[in-house]
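The residues making up each chain are set out below.
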Amino acid sequence: MPPTVETLLRSTRVVLPEGTRPAAVALSGGRVDAVLPHNATPPAGWRLVDLDDTALLPGLVDTHVHVNDPGRTPWEGFATATRAAAAGGVTTIVDMPLNSLPPTTTVDALAVKRDVAGPRAVVDIAFWGGAVPDNAADLRPLHDAGVMGFKCFLSPSGVEEFPPLDPHRLDTVMAALAEFDALLLVHAEDPARLDAAPAPHGPRYADFLASPPPAAERDANARVLDLARARECRVHLLHLSAADPLPLIAAARRDGVRVTAETCPHFLVLTAEDVPDGATEFKCCPPIRDADNRDALWEALADGTIDCVVSDHSPCTADLKTPDFGTAWGGIASLQLGLPAVWTEAARRGHDLADVVRWMSAAPAALIGLDDRKGAIAPGRDADLVALDPDATLTVDPAALHHRNPVTAWAGRTLRGVVRRTWLRGTDITPGPPLPTAPTGEPPSRPTGRLLERTRP
């Protein structure tokens, strides 16, 4: 990374932990040195950047990103994913353990992934480990190697090298992780409910939506919460799509269960009513549900039942998005668009930028134990920042996105909020236009990011 230059960033709308106000933010040595009055004069030799009315936010922390690299690099890679992150105001990502080959279920596999990611990282990258039926002996070594926690599935993951945990193995994993207070992330859909539902097939979205019923999320999350209560294990519930589990989560939290939960921009903005038949770019698992369900997710964000909003960026090559919802790959590519997508709907519902920062920066940073470094504009924190024009609009052109394959459910949609600049530890990492890929499938990149490890239990 090039040496940082002492900089004073001035904006009439700086989103701080105590609220939004005019301020000047002093950056020195890659950190926030001070938050000063708006009219503060920069010290001699410092650079002044006056953002006027463009809002200044802490960089986003996206704890749910499938980079797929190595092994499925044609789907995505660290160079393209981290450029997309920087373009979207995301300065830290946490890579999921599956869809890469090998999956991150051993220390050796983690080393392979770190070796691939390091030279390509435009933003900071941390890693989740995987909990699968055959790697109980690998959990503590992976924890000691610095993964942020462990992800598991209760139903088939979609890739055979990352099988799900049955109820007995889920209990065994929770008991093991509780011994060293590690965090378990759960893709919670009940396989019995999925098996009993109609099999997804054909181009009609209504038929696909009937295949993973809300009860599949409700029952699986109930099982996770019961085991977490019994084993005193920390759990994080991934990508809530259905509103059905929300009362269970709220009740468990009141009982002292250490549970957090997330949802995603596509569940908060898009609805089943938006999805045309055959448009499998909208396919994800669990699925995008109806407008009433979306309203319930927003209520849960407002009352704190849901903590985080993260992308679940899960891209693939265009050929895998067949027009049949039964055969198409399930995943939505949205890493670059999460901030404007969420801000568009949040503003419409009366929320402010401080709410968005809490959901997309502060809470995810706390989830991974990096809230002493990330997630807020405050003295001593990393100078990870994003300049957002909250009133400008953009119409999504897939060709203008930085992730590898120009397939996205957001194509043609007009969103409110344009990222103007992004800084990582005080260095401007705003990417230019999307770059053509090299013969290896990777575009050139500036390895400005760092590989992060867990620093707290």
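This report concerns the structure included in the present document. (Residues numbered from 1 in each chain as written. Predicted model: local features only at pLDDT ≥ 70, side-chain atom pairs only at ≥ 80, totals over all residues. Heavy atoms only, no water.)

1. Overview of the state of the cysteines
- The full count for this structure, using the stated rule, is zero disulfides.
- No disulfide involves Cys284; its sulfur sits 6.8 Å from the nearest other cysteine sulfur, which is in Cys285.
- Given the relative accessible area of 37%, Cys285 is considered partly exposed. (Disulfide = S-S within 2.5 Å. Buried < 20%, exposed > 50% of the residue type's maximum accessible area, 1.4 Å probe, protein only.)

2. Side note on the pairing of strand S1 (residues 7-16)
- Here S1 lies mainly inside the structure; eight of its 10 residues are buried.
- With four bridges joining them, S1 and strand S4 (residues 47-50) adopt parallel strand pairing. Residue pairing across strands places Leu8 opposite Leu48, the latter belonging to S4.
- Here eight bridges tie S1 to strand S2 (residues 19-28), and the two strands are oriented antiparallel to one another. The residue bridging Thr7 from the neighbouring strand is Leu27, located in S2.
- Connecting the antiparallel pair S1 and S2 is a turn made up of two residues. (Helix = DSSP H or I, 4+ residues; strand = E, 2+ residues; numbered from the N terminus. Pairing = 2+ DSSP bridges.)

3. Here's the deal with the environment of Pro43
- In this structure, Pro43 sits in the loop between strand S3 (31-36) and S4.
- The partly exposed category is assigned to Pro43, whose relative accessible area is 41%.
- For the pair formed by Pro43 and Ala126, sequence separation is 83 residues and the distance between their alpha carbons is 35 Å.

4. Quick look at the sheet that holds strand S6 (residues 60-65)
- Strand order in this open sheet of three strands is S6-S7-S8, and the pairing throughout is parallel. Taken across any chain shown, the strands that pair with only one partner, and hence form the sheet edges, are S6 and strand S8 (124-127). Sheet twist, expressed as the average angle between the axes of neighbouring strands with direction ignored, equals 25 degrees.
- In terms of strand pairing, strand S7 (residues 90-95) meets S8 through four bridges, oriented parallel. Counterpart to Asp95 in the pairing with S8 is Phe127.
- Lying on the sheet, helix H1 (residues 78-87) is in contact with S7 and S8; it crosses S7 at an angle near 140 degrees.
- The sheet contacts of helix H2 (residues 107-117) involve S7 and S8, and relative to S8 the element is tilted by about 170 degrees. (Axes fitted to C-alpha atoms, helices over the stretch in contact; angles between N-to-C directions. Contact = heavy atoms within 4.5 Å.)

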